[in-house]
Each structure stands twice: as C-alpha cells, then as structure tokens.
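# Structural characterization, general
Letter by letter, the chains look like this.
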Amino acid sequence: MYHQPVLKNRRTLLERAEKFISEIYFTDCNLRGRLYGDACPLESISSSLSQQRIPFLEAVKQNFEPYQVGDTFGPTWWTCWFKVSLRIPDSWRGKQVHLSWESDGEAMVWRDEQPVQGLTKEGEKTSYVLTECLKDDETHSISLYVELACNSLFGAGKGSMIAAPDPDRKYSVQKAELVVFKSDVRELLTDLEMLVDMVKLLGEGEQRGYQALFTANEMVNLCEPTNPSSFPAARSLAQKFFSQRNGESQHTVHAMGHCHIDSAWLWPYEETIRKCARSWVTVIRLMEKNPHMVFTCSQAQQFDWVKSWYPGLFSQIQHFVQKGQFIPVGGTWVEMDGNLPSGESMVRQFLEGQRFFKKEFGNYCKEFWLPDTFGYSAQLPQLMQGSGITRFLTQKLSWNLVNTFPHNTFFWEGLDGSQVLTHFPPGNSYEMKGKVEDLVNTVKNNKDKGRANHSAALFGFGDGGGGPTQLMLDRLDRVQDTDGLPRVQMSSPDRLFSELEADSSLLCTWTGELFLELHNGTYTTQAQIKLGNRQCETLLHDVEVASSLALCLDKTFQYPSEPLQILWRQLLLNQFHDVIPGTCIEMVVEDALRYYQGIYQHYDIIKVYISTMILSRYTSALRYYQGIHQHYDIIKVYISTTILSRYISAADGTVLMENGILRAVVNKDGCLASLYLVETNREAISHGCSGNQFVLFDDVPLYWDAWDVMDYHLQTRKPVVEVVSPVQIASPGGLRGSVTFTLRISDKSTITQEIILDAMCPYVKFNTQVEWFESHKFLKVEFPVRVRSPNATYEIQFGHLQRPTHRNTSWDWARFEVWGHKWADLSEHGFGVSLLNDSKYGYSVHQNTMTLSLLRAPKSPDANADMGSHQFTYAVMPHTGTFQEASVIQWAYNLNSPLRLIDHAPGSHTVAWSAFSVSAAAVILETVKQAEDRKDGLVVRLYESHGSSVSVYLTTGFPITEAWHCDLLERVDSSRPAPITASGISISFSPFQIVSLLLYLK
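What you see is a predicted model; the values in this text were computed from it and never measured.

A count of helices and strands for the chain gives 19 helices and 52 strands. Looking at the chain alone, contacts between residues at least 24 apart form 74% of all its contacts between residues at least 6 apart. Looking at the chain as shown, the accessible area adds up to about 37200 Å², and 50% of this sits on carbon and sulfur atoms. Of note, the chain has its 90 positive side-chain charges centred 1 Å away from the centre of its 111 negative side-chain charges.

Overall, antiparallel pairing links the six strands, which are arranged β3-β2-β5-β10-β7-β8 in an open sheet. Strands with a single pairing partner mark the edges of an open sheet, and in this sheet they are β3 (65-66) and β8 (114-119). Across five bridges, the pairing between strand β7 (residues 106-111) and strand β10 (residues 141-149) is antiparallel. Pairing of W110 across the sheet is with Y145, part of β10. Sitting on the sheet, helix α6 (residues 269-289) is in contact with β5 (79-87), β7, β8 and β10, with an inclination near 90° to β8.

On to the pairing of strand β41 (residues 849-856). Along β41, seven of the eight residues are buried, which leaves the element largely enclosed by surrounding structure. As paired elements, strand β34 (residues 777-784) and β41 share seven bridges and run antiparallel to each other. Residue pairing in the sheet places F778 in a bridge with R856 of β41. From the end of strand β40 (residues 842-846) to the start of β41, which pair antiparallel, there are two residues, and Q847 there has a positive phi angle of about 55°.

Of note, the bond from G74 into P75 is cis; its omega dihedral lies within 30 degrees of zero at 5°. Relative to the helices and strands, P75 resides in the loop between β4 (72-73) and β5. Phi at W77 is positive, roughly 80°, even though this residue is not glycine. Considering the arrangement of structural elements, one finds W77 in the loop between β4 and β5. Its identity is not glycine, yet Q526 carries a phi of approximately 55°, on the positive side.

This brings us to the nonpolar core. Counting residues in each nonpolar core, the largest one holds 264 residues, and the members touching the most others are F326 and L779. In terms of residue count, helix α14 (residues 527-553) provides more of this core than any other element does, 12 residues in total. With 32 residues, the next largest nonpolar core counts V97, L130, L134 and L178 among its residues.

Direction vectors running N to C along helix α9 (residues 343-361) and helix α15 (residues 561-574) enclose 110°, while the axes themselves pass 10 Å from each other. It follows that α9 is roughly perpendicular to α15 by the angle criterion. Contacts between α9 and α15 involve E344, S345, R348, Q349 and E352 on the former and, on the latter, Q565, W568, R569, L571 and L572. Each residue belonging to the contact of α9 with α15 can be placed in one class, and the counts come to three nonpolar, three polar and four charged.

Reading across from one edge, β29-β28-β34-β41-β40-β37 is the order of the six strands in this open sheet, with antiparallel pairing throughout. Only two strands of the sheet have a single neighbouring strand rather than two, namely β29 (718-719) and β37 (818-819). By the bridge criterion, two bridges tie strand β28 (residues 693-698) to β29 in an arrangement that is antiparallel. Opposite L696, over in β29, you have K718 as the bridge partner.

Moving on, we come to the packing of aromatic side chains. As enumerated under the stated definition, the model contains 48 aromatic pairs in all. For the ring pair F766 and Y874, a centre distance of 5.0 Å and an interplane angle of 20° mean the geometry is stacked. One end of the pair, F766, is in strand β33 (residues 764-772); the other, Y874, is in strand β42 (residues 868-880), with 108 residues separating them in the sequence. By relative accessible area, which is 0% here, Y874 ends up buried. The ring of F831 has R682 sitting right over it, with the charged end atom 4.0 Å from the ring centre. Taking the ring centre of F697 as reference, the NZ or CZ of K780 above it sits at 4.7 Å.

What follows deals with the side chain of E795. By the element assignment, E795 lies in strand β35 (residues 791-796). Using a relative accessible area of 3% as the deciding quantity, one classes E795 as buried. Apart from the residues lying within four places of it in its own chain, the contact partners of E795 are H800, G820, H821, K822, W823 and Y943.

Close contact between helix α3 (residues 183-202) and helix α5 (residues 231-242) brings their axes to 10 Å; oriented N to C, the two are set at 40°. It follows that α3 is oblique to α5 by the angle criterion. Between α3 and α5 lies a crossing whose hand is left-handed. In this structure, α3 contributes D184, V185, E187, L188, D191, M194, L195 and M198 to the contact, and α5 contributes F231, A234, R235, A238, F241 and F242. Of the residues that constitute the contact of α3 with α5, the class distribution is 10 nonpolar, no polar and four charged.

What follows is about the UniProt feature "domain: Glycoside hydrolase family 38 central" (unreviewed entry) in the chain. When the UniProt feature table is mapped to this numbering, "domain: Glycoside hydrolase family 38 central" (unreviewed entry) covers residues 517-596. Between the first and last C-alpha atoms of residues 517-596 the distance is 30 Å; the span itself is 65% helix and 0% strand.

With 12 residues, α5 should reach 16 Å at 1.5 Å per residue; the first-to-last C-alpha distance of 17 Å fits that figure. Here α5 has its buried residues at F231, A234, R235, A238, F241 and F242. Burial along α5 is one-sided: seen end-on, the buried residues are contained in an arc of 115°. Set apart from the buried face of α5 by more than 90 degrees, the exposed residues are P232 and K240. The elements touched by buried residues of α5 are α3, α4 (207-222) and α12 (470-478).

To continue, consider α3. Here α3 spans 28 Å end to end across 20 residues, near enough to the 28 Å set by a 1.5 Å rise per residue. Residue G203 follows α3 closely and has a positive phi angle near 85°.

For the structure shown, the criterion picks out 54 salt bridges. For the salt bridge of E102 with K175, the shortest nitrogen-to-oxygen distance reads 3.8 Å. Linking E102 in strand β6 (residues 96-103) with K175 in strand β11 (residues 171-181), this pair joins segments that are 73 residues apart in sequence. With a closest N to O distance of 4.0 Å, K433 and E431 form a salt bridge. For E431, a relative accessible area of 22% translates into the label partly exposed.

Take D438: it is sitting in helix α11 (residues 436-444). In this structure the C-alpha to C-alpha distance between D438 and T252, which are 186 residues apart in sequence, comes to 13 Å. Not counting residues within four places of it along the chain, the set of residues in contact with D438 comprises M432 and K433. In this structure the side chain of D438 is engaged in a polar contact, spanning 2.8 Å, whose partner is the backbone nitrogen of K433.

The pairing of strand β48 (residues 960-966) with strand β49 (residues 972-977) spans two bridges and is antiparallel. In the strand pairing of β49, W964 is matched with P977.

Before going further, it helps to examine a nonpolar patch on the surface. A cluster of nonpolar residues, M161, L702, Y703 and Y712, forms a patch on the protein surface that exposes about 390 Å² of accessible area. In this structure, M161 sits in the loop between β10 and β11.

Averaged over all residues, the pLDDT of the chain equals 94, while 94% of them reach at least 70. Residue range residues 615-651 is modelled with pLDDT below 50. Its contacts to residues more than four positions away, or to other chains, number 116 contacts.

Below, the discussion takes up the state of the cysteines. For the coordinates displayed, the defined rule picks out zero disulfides. The thiol sulfur of C133 is not disulfide-bonded, and the nearest other cysteine sulfur, from C40, lies at 18 Å. With relative accessibility at 33%, the residue C133 sits in the partly exposed group.

Moving on to the environment of S844. On the secondary structure map, S844 appears in strand β40. Linking S844 and D38, residues 806 residues apart in sequence, is a C-alpha distance of 65 Å. Dropping the residues within four chain positions of it, S844 is found in contact with Y794, R807, F816, E817, T849, M850 and T851. Within the structure, S844 has its side chain in polar contact with the backbone oxygen of F816 (distance 3.2 Å).

Conventions adopted
- Residues numbered from 1 in each chain as written.
- Predicted model: local features only at pLDDT ≥ 70, side-chain atom pairs only at ≥ 80, totals over all residues.
- Heavy atoms only, no water.
- Helix = DSSP H or I, 4+ residues; strand = E, 2+ residues; numbered from the N terminus.
- Contact = heavy atoms within 4.5 Å.
- Areas by Shrake-Rupley, 256 points an atom, 1.4 Å probe, with all protein chains shown as cover.
- Lys, Arg positive; Asp, Glu negative; His and termini not counted.
- Charge placed at Lys NZ, Arg CZ, Asp CG, Glu CD.
- Pairing = 2+ DSSP bridges.
- Axes fitted to C-alpha atoms, helices over the stretch in contact; angles between N-to-C directions.
- Buried < 20%, exposed > 50% of the residue type's maximum accessible area, 1.4 Å probe, protein only.
- Core = buried A, V, L, I, M, F, W, Y, C linked by side-chain atoms within 4.5 Å.
- Parallel < 35°, antiparallel > 145°, perpendicular 65-115°, else oblique.
- Nonpolar A, V, L, I, M, F, W, Y, C, P; charged D, E, K, R; others polar.
- Phe/Tyr/Trp six-rings, centres within 6.5 Å; stacked < 30°, edge-to-face > 60°.
- Lys NZ or Arg CZ within 6 Å of the ring centre and 35° of its normal.
- Left-handed = near helix turned anticlockwise from the far one by under 90°.
- UniProt positions renumbered as here; feature names shortened; annotations may be inferred.
- Expected span 1.5 Å × (residues − 1).
- Arc of directions from axis to C-beta.
- Salt bridge = Lys/Arg side-chain N within 4 Å of Asp/Glu carboxyl O.
- Polar contact = N/O pair within 3.5 Å; in protein donor to acceptor, adjacent residues only side chain to side chain.
- Patch = residues over 30% accessible without salt bridge, like charges linked within 9 Å, V, L, I, M, F, W, Y side chains within 5 Å.
- pLDDT = per-residue confidence, 0-100.
- Disulfide = S-S within 2.5 Å.

Given below as structure tokens:
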C-alpha cells in the first residue's frame, strides 16, 4: 500500500498513535474500542451481606437475595457474597470469554469451592477468564461465587488514602456481564503502547526513538480496527522493531513478579489474609499460562495464614515453589521494622521465618527482603550472616528527603564487620508495571554504572496486594532484547545476586547503619504499641529463662515450647513495619494491643506453673535479667534511714534529694536546677539551664502524618511551664525518696510526674503520667548537660553506635531526630551523662542538649492516635569515666527489667546459687532458651557490648556435657566446639560479636 511520506513532525505522529490506543478519546473508531466484542448479561446474580469475614462453606449457606447492578451495600469492612449464574452463548464458539466484573472493593472469584481469581479495579484486574477458546464439549452453564470485601486495595480512607477509614462508605458493583475478549487486539495494543512509550522516554535526541515513532505510525496506517485481518501486518512491523538486538555491553534487567502486601496498614490483620489469597491465587493462574514467569514472595506469617485458611491454594503454591517459579524470599516471619525491635526479636524473626520456609518448602532463604521499612540497623548484616543469608534487597532509601544515597549495588558492612551484598533496584520501586519507563529509569538511576551491570525490576501491584498482571508480562516479553532498552530477562533473586557476585570486585562498601532520612516520627507514634513491645520482649525473655532453669532442675518439667512459639509469633507480627512504627489505622492498633494483652496473660499462667513446679525450691526472688546478664553484684541493698535525706527551702520551694551518689535540686515546676555526682562534686546540668524540661512543638508534616516529623518543627519550641501542683514530698527517705508535681500542657493535657532517687542508685528516675489530648503536637523532655562532645552514643540491637551532635553537613542535619533503644549517652573524657528509658525510641542530641521524644498526636491514618493516658519511665544518669566503665548498659537493663518475685512453698529451703555468670562486664548474656530441636539442649546467646575484643568464661550451675558454637538458626558448627574448662566455657569475642552456644545437659 502506497502512501505519501510525512514530515518528521514528532508531536503529531506521537499524538496520533496515542489517540489510536486511548481509553478516552475516539474509542468509537480507535483500536482500544475494539478490545471487547459481544456482551451478554448474567442469568442471575444474588447477594448476601455479612458483617464478619466468614469462610466459603459458611457463606454459601447464607440467605441470598436478588441483586441489581448499581445497588449499594456495605458499610466498610463488611463482606458481600454474590452468587452468579451464567450461560455462555453457543454462538461464541471458538472465542475467549470473560466474566467482566467492575466493582468497588476487593473481590475473589470462587469456583468449585476453591478460590480461583482476584478482582480489583485498582489492580487492573476486572475480568475472570471463563474459557480461552470456547468448545462445544465445554460446560456453557457455570455457577460462581464472588466474595467482595468492602474496602479497596488501600483501605477506606476518608478524603485521602492515608486518612482514617470512612466507616459509613457504601460500595457497589458497576458491571457484571459476559464479554468476548479479543486477544489479537490486546496484543496489538501492547505493541503500540510500548512503542509510544519508547518515543516519549528516549526523547527527541535518540535515533531509536524516531524509529519507534515511525514504526508506530506505519502500524496505525496498516491497522483497520474493524478488520482483524489487517492486524498481522501491523504486528509484524512491531516484531521486526522489537527483534533488533542490543550490543553485548547492555545493562541486564532481572524482572521478577512481586506483590508487596503489608501485613497490616490501612486495613486490619484479618483482611490481609484475604489480600494474600486474592493476590497469590491470581499469580498461580498467571504461572499456569506463563511457564517462564517468576514470582518472589516474602513473610512466613502470610504463608502460614494461607496454609491455615486456604489449604488448597497453599498446596498449589508448594507445587510452583518446587518448579522454581514461586520463590519464597526474606527469611523472616514478617517484613519487620528495621529499627525498633530488640536484637533478640530480630533473631527470632529470622529463626521463625527460616525454619518455616525450610519445613514447608524445603529450603532456607538466601536473601533478606525488606523493601519498605523505615531504616536499617547496623546489626542487620551480622544477623543475616548468622541466619544463613548473605544477600539483601531493599529500596526505601530512595525516599531520602535530604541526601541521595550514593549506591544501588554495594557491600553493606555492619557493626561487627559482617558484610552482605546489597542491592537497591535502581527503578526505586517494588511495584513496577513492566513499562518502558521502568526499564529506562532502572538504567538511568543506576549509581554504580561501570561497577554493576545487572539490576532487579520488581513488577506487580503492591502495598495492598494485587500483584502482576498478564499485561505486565506481555510488555516485558516484547522487549527482552530490544535495541535502545536494557536487556530484560525473567529471573530470580538467586540469578541476579549470582551475576552481581561474579563481578563484584569494583563494588564499594558502606559501613554502619542505613539511616532513612524520612519517617522519623515512627520512633514515637503510638506509644502504647511501643510500650507493649518493650514489655513483651522482656516478659518472653523472662519466661524462657525461668523455663530453662526449671528444665535444668527437673527433667520432668515440660518446657512450654508451643505456647512460647505462639506468643513469639504474635510479638513478631506486631513488629511489622507499619504496626510497631504506629503508622496503621486504629483497628490495627486495637489488634496489636490485644496481642500484647494475651502475652501478659500467658506470662502470668506460665509464671505460676513454673513457680509451683520448681523455682520455689531454690529462691523466693529471681532477678532474671541482672542475675543472668552479668556477674555483677547489684543485689546488695544498703538499708539506712539516713542514706536518703531531703531538704525543703523556705525561700524558693526547691527540694534537695541525695542518696550518697547523687544530689539533685528540684524546682517547684519539676525541673532539675542541679544534678551533682557527690563523690567528684561534678555538676551535670548546664549552667543557667534546667534539666527535665518538658517542651512542646507544633508537628505538622508535609503529608505522611503518623510517619514524619519535619526539621522545621524545631522552630516552634515552647517550654511547658504552667504548674498545676508544685513539687511536694511523696516519699521522705529511707530506701526511696521522691517528689511529685503536675504541669499543664494545655487546657486538654497534663503531666504528672514522680521524681525518684533510690538508695545507692546512680540515676534519678522519672515516673511519668501524661493525659494527652492534643492535635499535631510533639512532646519531648530536655536535659542540657555540662558535656562537650562531637558525638553521642545510642544503644541499638546487640550494641551501640555514635551519631554526630553537630549539623556540619546535610547528612548530619538530616539526623535531627534519631532512634535508639534503652539508653543514649553523651560523654567527654572522664565524665558523661546517660539518658535511660523503659519504652521510648526517639532521641535528639544537639550540641549539649539531650532530648527524649515522648508523645506525638498525628490524625492519620488513626484519628485517635496516642489520645488518652500514658505511663512511662525515663532516667538520667551522670557518671565518671566512660559509659562502659559506669555500667550504663547494665543499669538500663535494670530499669527495663525490675525484680520479679516468685513465692516459694512453705518449708522449702533457699540457697545461694547462680545459674549462669560471665567473667567480663563487656559481655552480656542475653538469652537462655531450650534448643529448637533438642529437648536436652539449651541455647545461650551472648554479645560483646563495649566494642572491644575480649575472652571470657561462661560458668553455669548446671551439669553440661558438651558446648558447641551454633548459628542463629541453631545449626551446630561441628568445627567449633566451645572448650569446657575448670573456669567455665571459654569464649572469645570481637567487638559487637553475637555468639550462640548449644549446651547439652546431662
């Protein structure tokens, strides 16, 4: 066919091609308007509304009433079940037939009592394939059920995605009919879409872009939308273009299907179970049609949910795992927050996750997969290595607000020197769509050009589930090796990392934490969740220690391994990266607090059982933490009525408190006018300033309300100064001296505090109760101290690290709000001050002012976040020497782990006895538990806490036959026995090293 050549008018040719495939313009005559052929109504559709999420076999027994398309139902979080009867017309023989379903909410199609397909407009899944090619011998009459959740992929936010859910929202089905789907039109549309995108993204300066433009234009010339016989010629032009190959040096993109599903976020845990099923069953259907497809999937908890609720689907997943298409990744129970869980909690994330994957799928995961958390602890590389993982994938640091992270592929070196190969997909997304833009950005954004020539591209709808679509696969298939774009291959994490490892000699190394310069508010939001997490971590530790002691003392004792696993898994679930950070809706907060309450209740039951069985024979009081953690004589109590004295000045209303170690002067408003170390007569509070100064800030971020606190909030500082009840004596002395006072924050909120100084205690403790009913405010407490240092030290998992106290560079400035665990310290040579707490994680140390973040008041996604009564404790501890020499680490453990009393039986004897002790203060004995696979074995976990190389002896009062080094999965290293000597078990540590030992009991 001859036609006149046209000028190289890029705009007109490009727009012509765009309009030819547009969903909006000229659909009466363009190609897009021919995607569907004949339509046919359903024979019948009826519905049944349920307030609960009920299983299929219960749902089909409900009363179904006739439903008219367009009728509304709801409200939010309810479920509407539809019974659909249909008959495919005989005249559609040889055609592909779909159930076209467009509705609000998320739907699941059930057929023959099994889930078969997820449907959601937001996930571009609005049809279920009834037949690829209708045959005479196929069943033409079909009955289906559609389970429709009254929430979208992203919950039900009122007015915006992250707003609190609208509880009264109504939902409807807009379309429900049979349609003929024209796959030849879809193929041609995909060709043209990819060509048009190449024109746009390669730009006017690229020859290849013009080739794509003129190919697309010629295809439009050849294609007559109403005449399918014209399609092959047009498609052949596209195939010729796409088959023009790349050079040998072109970048390779490893495409992997992906479906990030938040275990809870803008929807509750229960809805996540259905999200997993909807998403994964759709993936299974795609794999059946596309044998080359690879899909990566993390979070053992979600697999466990599907195993329990959808056993048929789980069996299909296992089948495709064995085929190498459905690939479990990550190795953890959930994609946890990377900052706030304790070191032992992170160990359990890997232990529970890896053991689950090994049991259910036959293999451990090789890659840690954490694409969407809010920062990454410097101890993660060691924890990965100890869990059999040497590779790490994430992308969240692309969200940095201030500085651009300099690498995409690099070695990440942790606190102890452990290294893992790390990859940030350069496309800066974990939910690509297989478009040209994704591929171009992957190459353009790669910051390691010349060092790494392979990158990952994770494609599929995510966060709220959804996953890949056939269209995404078709897009990627077009451009597997097309000149002008990177090579694309359907790949696996193992193949990607193997390629990177093979050519890693030029890769750079990043040492220390991966700090996200955003979402700093997550260290403080939802204080009750953070308190519950800290307390339950301690409780589970205590139960394990006590149970281990009971096991050692009486071999008939039944170690509560199954209850403990359930409780640990509940705690680990709450450490998901939108739960413990507090960035979830109120329903999730309520669920999380119920889980914590369940842990408290189980602890009480187990404690009574243990004390009745065994422990009362030996002691009426066990100091679980300090007695176990340290060979450190802290149990001495100097009982003297003269050790604590008090003085009330008639002139100014101040109170003097002293215990022989500290002397504190408390003003009538509760501020510390002075804090002296008595022995050295050293003042800790900065001249002219007051410690324990509460301050309030305006806290209005740019968008991410529960997530972000912005640097400009620091310009809105307002001291809390209104006194409701001035300082008065609560306890006059003896073993404890204390004063109380009340301040007014606003007409809605107050602070009541008890300042405590105990006998022979090196810190002043602040028991605090806040009635908090603010909106977009941030409450902190400040301690300006007489210390000058360019760096402050913060406890992290199994160690500590330093961060600057100045703001010299943009990297320093971006850390205006940082995270830490039980303590932070600011020291100069010979003197320092530590700030301890029992449930807080947000800190700021700028110059000489130490600040602890206490409470926030965001309004989305939980409109009631943090509203109500809060109780928490913090302490200030001045000290001589280093914080290591002052035993700050041990004192922080003490603050978080008070004495637990267990009543002993009448007539039982008590003897002096030690279960375990360690010969050096630098080493902390963190965990004692029964081994996972040996009932006659204990696992003890220790870590070096000072940052030193040290050799120690671990002694125990129990008969031990053998001691072996093991990894965090409790796999014995047969080449590393731990020598048992007369002095104890000999262990050597490097700085911040974690050591796990398996002890065999007699």
